[in-house]
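Geometric and topological summary
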Amino acid sequence: MCIRDSSMKVLAKIIDTENLPVIERYLRQAIMDKNEYVQKGALISGIILFSKASENIKKWSNDVQDKLNASDPQIIYLSLVLMSLIKSNDLFSASRIAQMMMSKDLRKMPLAHCQLIRGIKGLLLSEDLDAKTQLSFQNYLSSCLTTANCDMVVIEASKAVCEVAPNSPAHLESVYTLLQSMISAHRSIVKYSVLRVMKRIASTQLQLMSQCGPELEKLVTYANKSVASMAISIILKIAKEKDVDGLLSTISQYLPEMADEFRVDAIQSVKHLIKRYPGIYKLLISFLRKCLRLQSSLEFKREVVESVIYIIHTVDASREEALYAVVDLVEDCQFESLVIRGLEVMAREIPLLDNGEPFIRFICNRLILEGEKVRASAVTALAKLGWKKPKLQSIIKNILMKCLIEQADEVRDRAALYLHTLELKSQEKDSLSELVFGDKKIDFNALENYLKSNKQDLMSSEKPIHINLDSLKPEEHKESKSEK
C-alpha cells in the first residue's frame, strides 16, 4: 500500500493536463479506498493537481466532503485543505463547510483546527458575509484563544485576530494577554511564533506592547538567535527615547551573529524610530554607519542605505551627517549598484549644503578606483554638482577634462557631453541643461519616430534643428513600436 500511496503523489507531480484524464478516475476512487494511507495519498495528489487542472479536481467535491467526517485527523486535515481550494470562489459553500467544522471537537486535531482558522480568516477578510455569520466566525476565533487548545492553535488564532481586526484594541488586548503568558514557554519555536505575532501588534499598539518590555529584554541574550533577533526587532519598535542609546549599543554586539533576514528586520525597526524621535538622528546615523562596515548581503546594505536616505528626507539638519554615512558606502562597498545609488544621493544632496566642496574628493576617488559603470556614474554626479553649484564649476571642469582621455567609451562620452553643456552660453544653457541634468523624462521611441517621419525635411534644413519634446504625442510612441 505504501507503494500505491507514493506512486500517486509522484504521478501528480509529473503528469501533464493532457494525460490527467487517464489516471483521474483511479485517483478519485482511491479517496474512498479502505486503506487510510491510500486515501491520504489521493487527497495529497488532488492538492498538487489543483494548480494544474482545477476544473477536474472540483468534480471530486462530494467525495472529499465525505472525508471531513473521517476518524483519522490527517485525513480530515487534508480534506479540509482540498475543500478550501475547491470552494475558494464559492463563499456560501465555504461558509457552510466552516460552520459544519466549527460544531466538531477539533482539540485533538491541531492541524485541522489551524486549517479551519485560516479558512475562517479568509472568509472574514472577504467582507461579503452577512452580519450574523460574521459575528459567529469572530466569536469562534475568540473561543480559540484559550490555553485549553494547543500552542499552535492559539498562535494561529492570534494571527487571524491580528489580521481580521488590526485596529481593534479590545481584540488585540485579549491576544496580547494570552501571548504574554506564553512568552516564557520552554520551547524556542513557541517563543519565536509568539514574538512574530507580537510584532504585528506592536505596529499599531505601542502603548500596549511597552508593558512587555522587561520580558523582551531578557530574550535579547537568549541562546536561540532567531528568538533573540525577533525580540530585538520588537524592542526597537516600542523603545522610549531615553533607552535608545543603550539599546543600540546592545544590538551592535549581536548584529554580526544574526542572519541577514533578522538584520534587515532590525534596520527597518530603526527606520521607524526616526519618525517618533527625530532628535536622535545622530545616534541612529552612527549606528547605521557601523552596520555598513559589516560583511553582509546586498539586501541588508540596501536597507541601511535607504534608511540613511529616509533620515535625510525626514530631518533636514541631518543632511551633512548622513552624507558621511553615504561616503562610507561608496568608499568601501563591493556592490556596484549600491555605490551608484550612493553617488546619485550625493549629487542630489551636496548642493543643498552650505559647504559641499569637501565631498568632491570622495566622488573623484571613484574615477580612479572603480569599474566602468561606477566611473560613469561618478562623472554624472560631478557634472550635476557643477550645474547646481556654479562656484564649483571650474574645479569640476578640470576633472571632466581629464576624463576625456578615458579608455571606457561610456565615461569619455559622458564627460564630453557634460563639458559641452556646462560651457554653453547662459541663453542656450537653460533649456539644454535641464534636459541633460534635470529629471525630465524623454520618450526616446516617440523621438525616434519623429526623426524618421521628418527625415527629409530635417536633412534639407540649413537652420539649427529645434524639436519641442513636449509636443511629441504618445500615439507616436505606439507607432514607433509597430514600425519596429
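Note that the structure is a prediction, hence the values are computed from the model and not measured.

**Looking at the overall build of the chain**
From N to C terminus, the chain includes 29 helices and zero strands. Here the C-alpha radius of gyration of the chain, 31 Å, is well above what a compact globule of 484 residues would show, namely 23 Å. The C-alpha extent of the chain, read off along each of the three principal axes, is 90 × 65 × 45 Å. Counting only residues that meet the buried cut, the chain has 47% of its 484 residues in that class. Long-range contacts, defined as pairs at least 24 residues apart, comprise 65% of the intrachain contacts of the chain with a sequence gap of at least 6. Summed over its atoms, the accessible surface of the chain is roughly 25,600 Å², and 51% of this surface lies on carbon and sulfur atoms. In the chain, which carries 66 positive and 62 negative side-chain charges, the distance between the mean positions of the two groups comes to 4 Å.

**Things to note about empty space enclosed by the protein**
In this approach the atoms are scanned with a rolling probe the size of a water molecule, which exposes any empty space left behind. According to the stated counting rule, one finds one cavity of 30 Å³ or more in the structure shown. If you add up the space inside the largest cavity, you get close to 40 Å³. Lys225, Ala228, Ser229, Tyr254, Glu257 and Met258 are the residues that line the largest cavity. Grouping the constituent residues of the lining of the largest cavity by class yields three nonpolar, one polar and two charged.

**A look at the side chain of Gln39**
Tracing the chain through its elements places Gln39 in helix H3 (residues 36-50). For Gln39, the side chain forms a polar contact with the main-chain oxygen of Asp33, separated by 2.5 Å.

**A few points about helix H9 (residues 131-144)**
The terminal C-alpha atoms of H9, which comprises 14 residues, lie 20 Å apart, in line with the 20 Å expected from a rise of 1.5 Å per residue. Burial in H9 covers these residues: Thr133, Phe137, Tyr140, Leu141 and Cys144. Seen end-on, H9 carries its buried residues on one side only, within an arc spanning 100°. What points out from H9, more than 90 degrees from its buried face, is the exposed set Ala131 and Lys132. Looking at the buried side of H9, the elements it contacts are helix H7 (91-102), helix H8 (110-126) and helix H10 (151-164). By the N-cap criterion, in which a side-chain oxygen at the helix start approaches the backbone nitrogen of a residue two or three places on, H9 is capped by Asp130, the distance to Lys132 being 3.2 Å.

**Regarding H10**
End to end, H10 covers 20 Å across 14 residues, agreeing with the expected 20 Å (1.5 Å per residue, within 8%). Among the residues making up H10, those that are buried are Val153, Val154, Ile155, Glu156, Ala157, Ser158, Ala160, Val161 and Cys162. Where H10 is buried, its residues touch H8, H9, helix H11 (169-182) and helix H12 (188-202).

**Let's talk about the packing of helix H24 (residues 393-402) against helix H25 (residues 409-422)**
With their axes 9 Å apart at the nearest point, H24 and H25 run at an angle of 150° to one another. By the criterion of interaxial angle, the relationship of H24 to H25 is roughly antiparallel. In this structure, H24 crosses over H25, and the sense of that crossing is left-handed. Every residue of H25 that contacts H24 at Gln393, Lys397, Leu400 and Met401 is listed here: Ala415, Tyr418, Leu419 and Leu422.

**Some words on the side chain of Asp33**
As for its position among the elements, Asp33 is in the loop between helix H2 (20-31) and H3. For Asp33, a relative accessible area of 19% corresponds to the buried category. Once you skip the residues sitting within four places of it in the chain, Asp33 turns out to touch Arg4, Val38 and Gln39.

**Remarks on the packing of helix H19 (residues 298-314) against helix H21 (residues 336-349)**
Viewed as axis vectors pointing N to C, H19 and H21 meet at an angle of 10°, and their least axial separation amounts to 10 Å. Classified by the interaxial angle, the pair formed by H19 and H21 is roughly parallel. Where H19 approaches H21, its residues Leu298, Lys301, Arg302, Val305, Glu306, Ile309, Ile312 and His313 are matched on the opposing element by Ser337, Leu338, Arg341, Val345, Arg348 and Glu349. Across the contact of H19 with H21, the residue classes tally to six nonpolar, two polar and six charged.

**A short note on the pattern of salt bridges**
Taken as a whole and judged by the stated rule, the model has 24 salt bridges. A salt bridge links Arg412 to Asp409; the shortest N-O distance between them is 2.5 Å. Taken as a pair, Arg412 and Asp409 lie in helix H25 at a separation of three residues, close to a single helical turn. When salt bridges that share partners are traced, they join Asp316, Arg319, Arg348 and Glu349 into one network.

**Examining the nonpolar core**
Core analysis: the largest hydrophobic core is formed by 157 residues, its most contacted members being Leu195, Met198 and Met346. The residues contacting Leu195, other than those within four sequence positions of it, are Ile183, Leu216, Leu219, Val227, Met230, Ala231 and Ile234.

**Topic: the packing of aromatic side chains**
Each aromatic ring pair is summarised here by two numbers: the centre-to-centre distance and the angle between the ring planes. This model, assessed by the stated rule, comprises three aromatic pairs. With 6.1 Å between their ring centres and 90° between their planes, Tyr192 and Phe262 make a pair best called edge-to-face. On the criterion of sequence distance, the pair formed by Tyr192 in helix H12 and Phe262 in helix H17 (residues 260-276) is long-range, its members being 70 residues apart. Both residues of the pair, Tyr192 and Phe262, count as buried. Judged by centre distance (6.4 Å) and plane angle (55°), the ring pair of Phe359 and Phe362 falls under tilted. As far as the burial class goes, Phe359 and Phe362 line up, both buried. Ring-pair connections join several aromatic residues into one group, and the members of that group are Tyr324, Phe359 and Phe362.

About the thresholds
- Residues numbered from 1 in each chain as written.
- Predicted model: local features only at pLDDT ≥ 70, side-chain atom pairs only at ≥ 80, totals over all residues.
- Heavy atoms only, no water.
- Helix = DSSP H or I, 4+ residues; strand = E, 2+ residues; numbered from the N terminus.
- Rg over C-alpha atoms; globule rule 2.2 N^0.38 Å.
- Buried < 20%, exposed > 50% of the residue type's maximum accessible area, 1.4 Å probe, protein only.
- Contact = heavy atoms within 4.5 Å.
- Areas by Shrake-Rupley, 256 points an atom, 1.4 Å probe, with all protein chains shown as cover.
- Lys, Arg positive; Asp, Glu negative; His and termini not counted.
- Charge placed at Lys NZ, Arg CZ, Asp CG, Glu CD.
- 1 Å grid on protein atoms, 1.4 Å probe; cavity = no way out; pocket = protein on both sides within 12 Å on 5 of 7 lines; lining within 4 Å.
- Points joined across faces, edges and corners; volume = space filled by probe spheres on them.
- Nonpolar A, V, L, I, M, F, W, Y, C, P; charged D, E, K, R; others polar.
- Polar contact = N/O pair within 3.5 Å; in protein donor to acceptor, adjacent residues only side chain to side chain.
- Expected span 1.5 Å × (residues − 1).
- Arc of directions from axis to C-beta.
- Axes fitted to C-alpha atoms, helices over the stretch in contact; angles between N-to-C directions.
- Parallel < 35°, antiparallel > 145°, perpendicular 65-115°, else oblique.
- Left-handed = near helix turned anticlockwise from the far one by under 90°.
- Salt bridge = Lys/Arg side-chain N within 4 Å of Asp/Glu carboxyl O.
- Core = buried A, V, L, I, M, F, W, Y, C linked by side-chain atoms within 4.5 Å.
- Phe/Tyr/Trp six-rings, centres within 6.5 Å; stacked < 30°, edge-to-face > 60°.

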